[in-house]
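# Commentary on secondary and tertiary structure
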Amino acid sequence: MSNAALPEPDGVEPAAGVPRHVAIIMDGNGRWAGKRGLPRTLGHRKGVETVRRVVRHAGERGIAVLTLFAFSRENWNRPRSEVSELMALLRHFIRSDLDDLVKNNVKITVIGGRADLADDLLQMIEDAEGRTAGNDGLELVLAFNYGGRDELVRAARRAAEAVAAGTLAPQDLTEETFTRFLDTARFPDPDLVIRTSGELRISNFLLWQSAYAEYCFPATLWPDFDASHFDEALADYATRQRRFGAVPVSIAKP
Ligand code: IPE
Ligand code: IPE
Ligand code: MG
């Protein structure tokens, strides 16, 4: 096929550069603790320190949006004591870090189902979002009680309600308008998804939004993940050539 027959390379970016949106599946807390003969909960506590490190580093590297997968819908299937600890850790994180995040111009959004969260936790989440709403620095998105399929079903339900209410015509439901019903409506799609601990799966994370994300699977367990590991992932991303189904500029225009 001659180059003339190839489609226009619209949207093809030759160098990936710094990702605008990085999403991280924070995995490996339990194994980190297990290797040390400690209870899993201590791995989760240690993992909170990594959260602080990574938030700071994302800001320094000029990343606009950082999404962290903190608790999945499927994590309710863990022992009750571990679930309680994970709930307690979010409370603890908001209590201890919110003032600093407000000061550091971080804007917080929590995505995921809210119906099954405790009232006091909901209140804290709304407070964190409210107090940082005016900030315009790093967007920190916490995926809590989040599941990609659940988010899609909730979005579909909202779209169906809009159709039933007569505010949306079925033919106007497009990829673009559907995106507005997702929890992530305000955010660009993730450019880079990192999963720590060496697991090679996405575990129901940002299913719609990651259609064209680049992936990185460092073997490091989350509590050990530091600025240098983050930089390695960013450097790896910078070498990727994103195509979005088109062809590289160099081939399309030799
Ligand atoms: C990730 O660490 C934290 C959450 C899922 C909340 P894990 O608890 O999944 O740790 P591993 O995978 O058992 O090592
Ligand atoms: C994904 O990790 C969820 C979070 C990091 C919050 P899991 O450890 O729960 O995923 P699986 O069970 O290994 O797929
Ligand atoms: Mg895990």
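One structure accompanies this document, and this report is about it. (Residues numbered from 1 in each chain as written. Chains lettered and ligands numbered in written order. Predicted model: local features only at pLDDT ≥ 70, side-chain atom pairs only at ≥ 80, totals over all residues. Heavy atoms only, no water.)

Within the fold, His 57 resides in helix 2 (residues 40-60). Note on His 57: relative accessible area 7%, which makes it buried. When sequence neighbours within four positions are dropped, the list of residues in contact with His 57 reads Ala 227, Phe 230 and Asp 231. (Helix = DSSP H or I, 4+ residues; strand = E, 2+ residues; numbered from the N terminus. Buried < 20%, exposed > 50% of the residue type's maximum accessible area, 1.4 Å probe, protein only. Contact = heavy atoms within 4.5 Å.)

Here we take up the packing of helix 2 against helix 7 (residues 227-238). Two quantities define a packed helix pair, namely the angle between the axes and the distance from one axis to the other. One can describe the packing of helix 2 onto helix 7 by two numbers: an axis separation of 10 Å at closest approach and a directional angle of 45 degrees. By the angle class used here, helix 2 and helix 7 are oblique. Helix 2 and helix 7 meet at a crossing whose hand is right-handed. On helix 7, the residues that touch Val 54, His 57 and Ala 58 of helix 2 are Ala 227, Phe 230 and Asp 231. Along the lines of polarity and charge, the residues of the contact of helix 2 with helix 7 split into four nonpolar, one polar and one charged. (Axes fitted to C-alpha atoms, helices over the stretch in contact; angles between N-to-C directions. Parallel < 35°, antiparallel > 145°, perpendicular 65-115°, else oblique. Left-handed = near helix turned anticlockwise from the far one by under 90°. Nonpolar A, V, L, I, M, F, W, Y, C, P; charged D, E, K, R; others polar.)

Right, let's talk about the packing of aromatic side chains for a bit. Here the distance between the centres and the angle between the planes together describe a pair of aromatic rings. For the structure shown, the criterion picks out ten aromatic pairs. Note on Phe 69 and Tyr 146: the rings are 5.8 Å apart at their centroids and 85 degrees apart in plane angle, and the pair reads as edge-to-face. With Phe 69 in strand 2 (residues 65-72) and Tyr 146 in strand 4 (residues 139-146), this pair connects stretches of sequence that are 77 residues apart. Both residues of the pair, Phe 69 and Tyr 146, count as buried. Their ring planes at 25 degrees and their centres at 5.2 Å tell us that Phe 71 and Phe 144 sit as a pair that is stacked. Of this pair, Phe 71 sits in strand 2 while Phe 144 sits in strand 4; the two residues are 73 residues apart in sequence, bridging distant segments of the chain. The pair formed by Phe 71 and Phe 144 is uniform in burial state, with each residue classed as buried. Each member of the aromatic cluster is reached from another via a ring pair, and the members are Phe 69, Tyr 146 and Phe 205. (Phe/Tyr/Trp six-rings, centres within 6.5 Å; stacked < 30°, edge-to-face > 60°.)

Our focus in this paragraph is helix 7. The terminal C-alpha atoms of helix 7, which comprises twelve residues, lie 16 Å apart, in line with the 16 Å expected from a rise of 1.5 Å per residue. When helix 7 is considered as a whole, its buried residues turn out to be Phe 230, Ala 233, Leu 234 and Tyr 237. Viewed end-on, helix 7 has its buried residues packed into an arc of 100 degrees, placing them on one side of the element. Its buried side turned inward, helix 7 meets strand 1 (21-25), helix 2, strand 2, strand 5 (192-195) and strand 6 (214-216). (Expected span 1.5 Å × (residues − 1). Arc of directions from axis to C-beta.)

Attention shifts here to the nonpolar core. For soluble globular proteins, nonpolar side chains are generally found buried alongside one another. Ranked by internal contacts, the top residues of the largest apolar core, which has 44 residues, are Val 22, Ile 24, Leu 66, Leu 68, Ile 194 and Phe 230. When residues in this core are grouped by element, the largest group, nine residues, is from helix 3 (residues 80-103). Among residues more than four places away in sequence, those in contact with Phe 230 are Val 22, Ile 24, Val 54, His 57, Ala 58, Ile 63, Leu 66, Ile 194 and Phe 225. Core analysis: the next-biggest nonpolar cluster, separate from the first, contains 13 residues, Phe 69, Val 141, Ala 143 and Phe 205 among them. (Core = buried A, V, L, I, M, F, W, Y, C linked by side-chain atoms within 4.5 Å.)

Okay, the pairing of strand 5 next. Burial of strand 5 is two-sided: the residues Leu 192 and Ile 194 facing one way and the residues Val 193 and Arg 195 facing the other way are all buried. Inspection of the sheet shows strand 1 paired to strand 5 by four bridges, in the parallel sense. In the strand pairing of strand 5, Val 22 is matched with Leu 192. Bridge count between strand 5 and strand 6: three bridges; the pairing is parallel. Looking across to strand 6, one finds that Val 193 is bridged to Tyr 215. (Pairing = 2+ DSSP bridges.)

In this section: the site of ligand 1. Around ligand 1, 13 residues are found, and the nearest of them are Asp 27, Gly 30, Arg 31, Arg 40 and Arg 78. A distance of 3.1 Å is found between an oxygen atom of ligand 1 and a backbone nitrogen or oxygen belonging to Asn 29. Within the backbone of Gly 30, an N or O atom sits 2.9 Å from an oxygen atom of ligand 1. Across the complex, the protein chains shield 87% of the 370 Å² of accessible surface that ligand 1 would expose by itself. For the shell around ligand 1, the secondary structure elements donating two or more residues are helix 1 (29-35), helix 2 and helix 3. (Near = heavy atom within 4 Å. Polar contact = N/O pair within 3.5 Å; in protein donor to acceptor, adjacent residues only side chain to side chain. Areas by Shrake-Rupley, 256 points an atom, 1.4 Å probe, with all protein chains shown as cover.)

This part covers the environment of Ile 194. Within the element layout of this structure, Ile 194 appears in strand 5. Separated by 173 residues in sequence, Ile 194 and His 21 have C-alpha atoms that sit 11 Å apart. Residue contacts for Ile 194: discarding those within four places in its chain leaves Val 22, Ala 23, Ile 24, Ile 25, Cys 216, Pro 218, Phe 225, Phe 230 and Ala 233.

In short, geometric facts, not functional conclusions.
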